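Here is how the chains run, residue by residue.
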Amino acid sequence: MTFPLRSNVLVPPAQFQAAGLTDAFRHLHPDKVAHSWFARSGNSFRFDHIFVSTPHAERVLACDYHHEVREAALTDHAVMTVHLGLPSTQSEWGKGPATEAG
């Protein structure tokens, strides 16, 4: 399995992981089949991704595809959103979720 980065470059998921990045959608939905682009032929692919730094992956509260604009023919890609749990004070910025409890 590879992730398309550009039309002529494919990057294996392990390279993103090695760079310290986590696929936010896959983090929350490890087995869910979802696609962000659908061809006229009916083929579909998961072209669009949101990555977060691995130490902050636990801050991902939701990550989903929304197909309304694609279905309305405004674009050929689904909209992708991510909701993050961010620190409430500036003194907590930069701390990972595991270090805030204490």
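What you see is a predicted model; the values in this text were computed from it and never measured. Throughout, a residue's number is its position along its own chain's written sequence, starting from 1. Local features in this predicted model are restricted to residues of pLDDT 70 or higher, and side-chain atom pairs are both shown and tallied only at a pLDDT of 80 or more, whereas totals for entire chains, interfaces and linings draw on every residue. Just so you know, side-chain values use all the structure's heavy atoms and leave hydrogens and water out.

Participant: Can you walk me through the side chain of His49 in this structure?
Facilitator: Within the secondary structure layout, His49 lies in the loop between β5 (44–45) and β6 (51–53). Polar contacts, as used here, are pairs of N or O atoms within 3.5 Å; protein pairs need one atom able to donate a hydrogen and one able to accept it. Residues neighboring in sequence count only if both atoms are side-chain atoms. At 3.1 Å, the side chain of His49 forms a polar contact with the backbone oxygen of Phe47. Counting from the N terminus, the helices are DSSP H or I runs at least four residues long and the strands are E runs at least two residues long.

Participant: Got a minute to help me understand the nonpolar core in this structure?
Facilitator: The tendency in soluble globular proteins is for nonpolar side chains to be buried as a group. If you look at the biggest cluster of nonpolar residues, it comprises eleven residues: Ala24, Phe25, Ala34, Ile50, Val52, Ala57, Val60, Cys63, Tyr65, Ala78 and Met80. For this core, the secondary structure elements donating two or more residues are α2 (24–28) and β7 (60–66). The biggest single contributor to this core is β7, with three residues. Throughout, a contact is declared for two residues whenever any of their heavy atoms are within 4.5 Å. Apart from the residues within four sequence positions on either side, Val52 is in contact with Gly20, Leu21, Thr22, Ala24, Ala57, Val60 and Leu84. Here, nonpolar core means buried Ala, Val, Leu, Ile, Met, Phe, Trp, Tyr and Cys residues that are tied together by side-chain atoms lying within 4.5 Å of each other. Remark: exposure states derive from per-residue accessible area (1.4 Å probe, protein chains only) relative to the maximum for the residue type, with buried under 20%, exposed over 50%, and partly exposed in between.

Participant: Honestly, unusual backbone geometry in this entry has me stumped. Any pointers?
Facilitator: Most peptide bonds are trans, and most residues other than glycine sit at a negative phi. The phi dihedral of Ala73 is positive, around 65°, even though this residue is not glycine. Positionally, Ala73 belongs in the loop between α3 (68–71) and β8 (79–84).

Participant: Just to check I follow, could you spell out the pattern of salt bridges for this structure?
Facilitator: When the charged atoms of two side chains lie near each other, side chains of opposite charge can form a pair. Between Lys or Arg on one side and Asp or Glu on the other, a salt bridge is scored when a side-chain nitrogen of the former is within 4 Å of a carboxyl oxygen of the latter. Going through the model one piece at a time under the given rule, you end up with one salt bridge. With a shortest N-O distance of 3.9 Å, Glu71 and Arg70 are connected by a salt bridge. In this structure Glu71 comes out as exposed when scored by relative accessible area, which is 59%.

Participant: How should I be thinking about the environment of His67 in this particular structure?
Facilitator: Inspection of the secondary structure puts His67 in the loop between β7 and α3. On a C-alpha basis, the gap between His67 and Trp37 in space is 9.3 Å, while along the polypeptide they are 30 residues apart. The residues contacting His67, other than those within four sequence positions of it, are His35, Phe38 and Ala78.

Participant: Teacher, can you tell me more about the confidence of the model for the chain here?
Facilitator: A low pLDDT means the predicted coordinates there should not be read in detail. pLDDT measures the predictor's confidence residue by residue and takes values from 0 up to 100. Per-chain confidence: the chain averages 80 in pLDDT, with 78% of residues scoring 70 or above. Here residues 4–9 is modelled with pLDDT under 50, and outside its nearest four sequence neighbours on either side it reaches seven contacts, counting other chains as well.

Participant: What am I meant to see in the packing of aromatic side chains here?
Facilitator: Both the distance between ring centres and the angle between the ring planes are used here to describe each pair of aromatic rings. Ring pairs shown here join Phe, Tyr and Trp side chains whose ring centres sit within 6.5 Å, with only the six-membered ring taken for Trp; geometry is labelled stacked below 30 degrees between planes, edge-to-face above 60, and tilted in between. Taken as a whole and judged by the stated rule, the model has three aromatic pairs. An angle of 15° between the planes, with centres 4.3 Å apart, marks the rings of Phe16 and Phe51 as stacked. Of this pair, Phe16 sits in helix α1 (residues 13–18) while Phe51 sits in strand β6, placing them 35 residues apart in sequence. On the accessibility criterion, Phe16 (13% relative accessible area) is buried. Geometrically, the ring pair formed by Trp37 and Phe47 is tilted, given 5.4 Å between the ring centres and 50° between the ring planes. Of this pair, Trp37 sits in strand β4 (residues 37–38) while Phe47 sits in the loop between β5 and β6, placing them ten residues apart in sequence. Judged by relative accessible area, Phe47 falls into the partly exposed class, the value being 30%.

Participant: So what exactly am I meant to see when it comes to the environment of Ile50 here?
Facilitator: With respect to the helices, strands and loops of the structure, Ile50 is situated in the loop between β5 and β6. Residues Ile50 and Ala24, spaced 26 residues apart in sequence, show a C-alpha to C-alpha distance of 5.8 Å. Those residues in contact with Ile50 that sit more than four places away from it in its chain are Thr22, Asp23, Ala24, Phe25, Cys63, Met80, Thr81 and Val82.

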